[in-house]
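# Topology and contacts: notes
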Amino acid sequence: MQRRDFLKLSIGTAAAAALASPAIAQGAVKEVRVGYQKNGVLVITRQQAALEKHFTPLGIEVKWVEFSSGPPMMEAMNVGSVDYGAVGDSPPVFAQAAGAAIVYAAGQPITNGQGILVPKDSPIRAIGELKGRRVGFTKGSSAHNIVVQTLEKAGLTYADITPVYLTPPDAGPAFANGSIEAWAIWDPYFAIGETKQSGRILINAREVTKTNSFYIANRDFAKNHGAILQQIVDVTTATARWAEQHRDEVAKSLAAVTGIPLEIQTIAANRSSFVVGPVTDDIVATQQGVADRFYKLGLIPKPIAIRDIVWRNPAA
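Because the structure is a prediction, the values reported are computed rather than measured.

Quick look at the sheet that holds strand E8 (residues 182-186) now. Hydrogen bonding along the main chain pairs the strands of a sheet, whether they run parallel or antiparallel. Spatial ordering of the open sheet is given by E7-E6-E8-E5-E9, a layout of five strands whose pairing is mixed. Where the open sheet ends on each side, the last strands, each with one partner, are strand E7 (162-165) and strand E9 (199-204). Ignoring which end each strand starts from, the neighbouring axes of this sheet average 30 degrees apart. As defined by bridge partners, strand E5 (residues 114-119) adjoins E8 across four bridges and the pair is classed as antiparallel. Bridged to Gln114 within E8 is Trp186. Relative to E8, helix H8 (residues 142-153) is tilted by about 130 degrees, and along the sheet it contacts E5, strand E6 (134-137), E7, E8 and E9.

What follows is the structure, given as structure tokens:
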């Protein structure tokens, strides 16, 4: 079966109706802006032009915007510069607490590919030995959550470490030169740290907690263009199903789009889960736990209810 035909069979009735609707083709949406990072299903979607193939007949252009991490993507989405994008669990929590105009459109369990690294010759051998150490991570990212929950698992508090807030591109050199003593990060940077920067895995995220990543949409875009958002989610879901069965090709796609070496992206692709689905009650409960923990620690200014911003397609 050709990939184009596979996608047509996979996108579902809502998206099929959107494709067939002249009203949508002639509607106000002329451009869909998608935020992505150097990993995941949206990189594959971009490389294969899956969204372009579906939106071109509707007269809608797809614009891709790369981000180094989730927090700046949430900022862009809040002001309406990005319509849809993929992030880890923490960025939407911080964004919702700040009143950002976002909704959860779909979810994706994370089974591997993130954790905490230490240098290979580091004396740190157990998570309890992070006490008093300089730990680098991106503030408000999924790595932030991993740090918090790892400390909790070790019986430590956030005050027991010195957090060093760094973006992934800045954290890599800091880790390599010893400016930070541990680095909480996700793939492909996790794989880079292991293979190129003499890192040793102190702990994998899956050993600490259950985590998810999310596909987030601008709230007004979701409200005003629900049929188009459903189509984007359906194409994303179809691409994810394909990726689960074609990891070698996924690695090539990731390398081609991001410029990160194939050997690194092969590691990341082989240990990733690509399955995309609805934001279930279980996912909401897990995400609510992240939000409640951050509020308790004073990392967000007020309690929030995750369920309040989970998007449900009215036409479904």
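A few words now on the pattern of salt bridges. Once the charged atoms of two side chains with opposite charge are near each other, the side chains can pair. Per the stated rule, a full pass over the model turns up 11 salt bridges. The residue Glu66 makes a salt bridge to Lys38 at a minimum N-O spacing of 2.8 Å. Here the residue Glu66 occupies a position in strand E2 (residues 61-66), and Lys38 occupies one in the loop between strand E1 (31-36) and helix H4 (41-47), the gap between them amounting to 28 residues. Between Glu244 and Arg247 there is a salt bridge whose closest N-O contact spans 3.2 Å.

Calculation criteria
In every chain, residue numbers begin from 1 and rise along the written sequence. Where totals are concerned, whole chains, interfaces and linings use all residues; where local detail is concerned, this predicted model gives features only for residues with pLDDT of at least 70, and gives and counts side-chain atom pairs only at 80 or more. Side-chain metrics in this entry use all non-hydrogen atoms of the structure; hydrogen atoms and water are not considered. For two strands to pair, DSSP has to find at least two bridges joining them. Helix numbering and strand numbering both begin at the N terminus, where a helix is a DSSP run of H or I of at least 4 residues and a strand a DSSP run of E of at least 2. Throughout, an axis means a line fitted to C-alpha atoms (over the contacting stretch in the case of helices), and angles, computed between N-to-C directions, take values from 0 to 180 degrees. Contacts are assigned to residue pairs with any non-hydrogen atoms lying within 4.5 Å of each other. A side-chain nitrogen of Lys or Arg and a carboxyl oxygen of Asp or Glu constitute a salt bridge if their distance falls within 4 Å.

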